[in-house]
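Analysis of the macromolecular model
Residues per chain are reported as follows:
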Amino acid sequence: MELFSYKKPINFMGASRKFGLLSLVLVLLSWGLIFTKGFNYGIDFAGGTLIQLKYKGEAPLKKIREDLAKHQAFKDATVTYFGSKAEVIIRTKSSSKSVGKDVGDEVRTMLKDTGSFEVRRVDMVGPKIGSELKEKGLMAMVLAILGILIYVSVRFEWRFALASVLALVHDVSIAMGAIVLFGVEVNLDILAALLTLLGYSLNDTIIVFDRIREGLQKIKDPDLAGIINESITRTLSRTVLTSLTTFFVVLSLFLFGGEIIYGFSFTMLVGIIVGTYSSIFIASPLLMWLGFDVKGFRAKEAEKRKREKEKEKMRAMYEQGTI
């Protein structure tokens, strides 16, 4: 049973130019933020040391900063609350070479006058390793997009493939712009979220494209816009149900998952909204803007079916011994 039922197709393509212009503005703004403000890299990519402390009462941030400033390795360290006022995160660009082998013991000694606390986590990444992780992360994104392009090219006509990849670039660009705008720390969790977003958005787009391809064969309308409108309308119930289900799950993680998965859940929230929007208002109109030929496609499909029938006929004659 479908969630929505429509007597006639919704005219999605009628507003395609407006949405296309909106998306172009959002993508340009996102890239503008990326190149001007830049990413807030975490220690995974920038290198450094991260220490998480938990106090029995409220953590005295001012006192912690004063005590750390007395030591050269932690002179430029940043100290912020983490989830609650009882927990703090200390970040410094210093790696293990400059702060010693046992960072936890050194921090206990430095902050012994700030109150009773426990060291819950110590993460250290050298600048060379951070740079390598950044390069490999970027390479993973590029390879994923190339793999998607090849997969969709094999499964669909090349315009479908190009439209899907452009839609993915659109989704990832806006998601990255939101990350920069809100100052979300970029680490391996964010990379995982962006790669997950690629798969999620592609899946949504492929389902819409499958229905459009089916409509090209079954719907007699010669107008591509009309075929796209009817195809998207038929998949709208599934798209809304899937997107809402995923959205509410990720929203729960965002609201109640704590600081540990804040970056991942934030990126996924933005990605789900943008990915659902782009599969309808960006990927599909791109087929028209790329000059997809309905008559040419139908002629190729008719020729393909004719060849298949001829092969079946020849196979049947061979099996009957008539040739």
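Residues numbered from 1 in each chain as written. Predicted model: local features only at pLDDT ≥ 70, side-chain atom pairs only at ≥ 80, totals over all residues. Heavy atoms only, no water.

What about the sheet that holds strand β5 (residues 117-125)?
Strands sit in the order β3-β4-β2-β5 across an open sheet of four strands; the sheet is antiparallel. In this open sheet, the two strands that pair with only one neighbour each are β3 (78-82) and β5. Each strand axis lies, on average, 20° off the axis of its neighbour in the sheet, ignoring direction. By the bridge criterion, eight bridges tie strand β2 (residues 48-55) to β5 in an arrangement that is antiparallel. Opposite Gln 52, over in β5, you have Arg 121 as the bridge partner. In the packing of helix α3 (residues 61-69) onto the sheet, the strands contacted are β2, β3 and β4 (84-92), and the crossing angle to β3 comes to about 150°. Taken strand by strand, helix α5 (residues 103-110) contacts β2 and β5, and its axis lies near 135° from that of β5. (Pairing = 2+ DSSP bridges. Helix = DSSP H or I, 4+ residues; strand = E, 2+ residues; numbered from the N terminus. Axes fitted to C-alpha atoms, helices over the stretch in contact; angles between N-to-C directions. Contact = heavy atoms within 4.5 Å.)

Comments concerning the packing of helix α8 (residues 188-218) against helix α9 (residues 224-256)
In contact at an axis separation of 8 Å, α8 and α9 are set at 145° when each is read in the N-to-C sense. Every pair of crossing elements has a handedness; the one defined by α8 and α9 is right-handed. Listed contacts from α9 to Tyr 200, Asn 203, Asp 204, Ile 207, Val 208, Arg 211, Ile 212, Gly 215 and Leu 216 of α8 are Leu 224, Ile 227, Ile 228, Ser 231, Ile 232, Arg 234, Thr 235, Arg 238, Thr 239, Thr 242, Ser 243 and Thr 246. Of the residues that constitute the contact of α8 with α9, the class distribution is nine nonpolar, eight polar and four charged. (Left-handed = near helix turned anticlockwise from the far one by under 90°. Nonpolar A, V, L, I, M, F, W, Y, C, P; charged D, E, K, R; others polar.)

Quick notes on the nonpolar core
Judged by nonpolar contacts, the single largest core of 54 residues is most densely connected at Phe 160, Phe 209, Ile 212, Leu 216, Leu 287 and Phe 292. At the level of elements, α1 (16-36), α6 (127-155), α7 (158-181), α8, α9, α10 (262-281), α11 (283-289) and α12 (294-320) are the ones that each hand at least two residues to this core. Ranked by the residues each element gives to this core, the list is headed by α7, at 12 residues. Core analysis: the next-biggest nonpolar cluster, separate from the first, contains 19 residues, Ala 59, Ile 64, Val 103 and Val 107 among them. (Core = buried A, V, L, I, M, F, W, Y, C linked by side-chain atoms within 4.5 Å. Buried < 20%, exposed > 50% of the residue type's maximum accessible area, 1.4 Å probe, protein only.)

Overview of the packing of aromatic side chains
Using the criterion set out here, one finds 13 aromatic pairs in the structure. Where Phe 182 meets Phe 266, the ring centres are 5.5 Å apart and the plane angle is 65°; that geometry is what we call edge-to-face. Taken together, the residues span a long stretch of sequence, with Phe 182 in the loop between α7 and β6 (185-186) and Phe 266 in helix α10 at a distance of 84 residues. On the accessibility criterion, Phe 182 (55% relative accessible area) is exposed. A relative accessible area of 9% means that Phe 266 is categorised as buried. (Phe/Tyr/Trp six-rings, centres within 6.5 Å; stacked < 30°, edge-to-face > 60°.)

As for the side chain of Thr 235
Positionally, Thr 235 belongs in helix α9. Apart from the residues within four sequence positions on either side, Thr 235 is in contact with Ile 207, Val 208 and Arg 211.

Re α8
In this model, α8 (31 residues) spans 45 Å end to end at C-alpha, consistent with the 45 Å of a helix rising 1.5 Å per residue. The residue sitting at the N-terminus of α8 and contributing the capping side-chain oxygen is Asn 187; that oxygen lies 3.0 Å from the backbone nitrogen of Asp 189. (Expected span 1.5 Å × (residues − 1). Polar contact = N/O pair within 3.5 Å; in protein donor to acceptor, adjacent residues only side chain to side chain.)

Side note on the packing of α7 against α10
Pairs of packed helices are described in terms of their axes, by the angle between the two and the distance that separates them. Remark: α7 packs on α10, axes separated minimally by 9 Å, with the N-to-C direction vectors making an angle of 145°. For the pair α7 and α10, the crossing hand works out as right-handed. Facing α7, whose interface residues are Ala 167, His 170, Asp 171, Ile 174, Ala 175, Ala 178 and Ile 179, α10 presents Phe 266, Thr 267, Val 270, Val 274, Gly 275, Tyr 277 and Ser 278. Its residues placed into classes, the contact of α7 with α10 shows nine nonpolar, four polar and one charged.

What about α3?
Turning to α3, its buried residues are Leu 61, Ile 64, Asp 67 and Leu 68. In a view along the axis of α3, the buried residues occupy a sector of 130°, so they form one face of it. (Arc of directions from axis to C-beta.)

Points about the environment of Leu 290
With respect to the secondary-structure elements, Leu 290 resides in the loop between α11 and α12. A sequence separation of 249 residues divides Leu 290 from Tyr 41, and the C-alpha atoms of the two residues are 37 Å apart. When near neighbours in sequence (up to four residues on either side) are disregarded, Leu 290 contacts Arg 159, Leu 162 and Ala 163.

A short note on a nonpolar patch on the surface
Taken together, Leu 21, Leu 22, Leu 24, Val 25, Leu 26, Leu 28 and Leu 29 make up a surface patch of nonpolar side chains, about 640 Å² in accessible area. Summarising the element assignment, Val 25 is placed in helix α1. (Patch = residues over 30% accessible without salt bridge, like charges linked within 9 Å, V, L, I, M, F, W, Y side chains within 5 Å. Areas by Shrake-Rupley, 256 points an atom, 1.4 Å probe, with all protein chains shown as cover. Salt bridge = Lys/Arg side-chain N within 4 Å of Asp/Glu carboxyl O.)

What about the pairing of β4?
As defined by bridge partners, β2 adjoins β4 across six bridges and the pair is classed as antiparallel. Paired with Gln 52 across the strands is Ile 89, a residue of β4. Counting the residues between successive antiparallel strands, the hairpin from β3 to β4 contains one residue, one of them, Gly 83, with a positive phi of roughly 85°.

Side note on the pattern of salt bridges
For the coordinates displayed, the defined rule picks out eight salt bridges. Between Lys 63 and Asp 67 there is a salt bridge, and its shortest N-O distance comes to 3.4 Å. Separated by four residues within a single helix, Lys 63 and Asp 67 lie in helix α3, roughly one turn from each other. Close ionic contact of Asp 204 with Arg 238 constitutes a salt bridge, the shortest N to O distance being 2.6 Å. Of the two residues, Asp 204 is situated in helix α8 and Arg 238 in helix α9; the sequence distance between them amounts to 34 residues.

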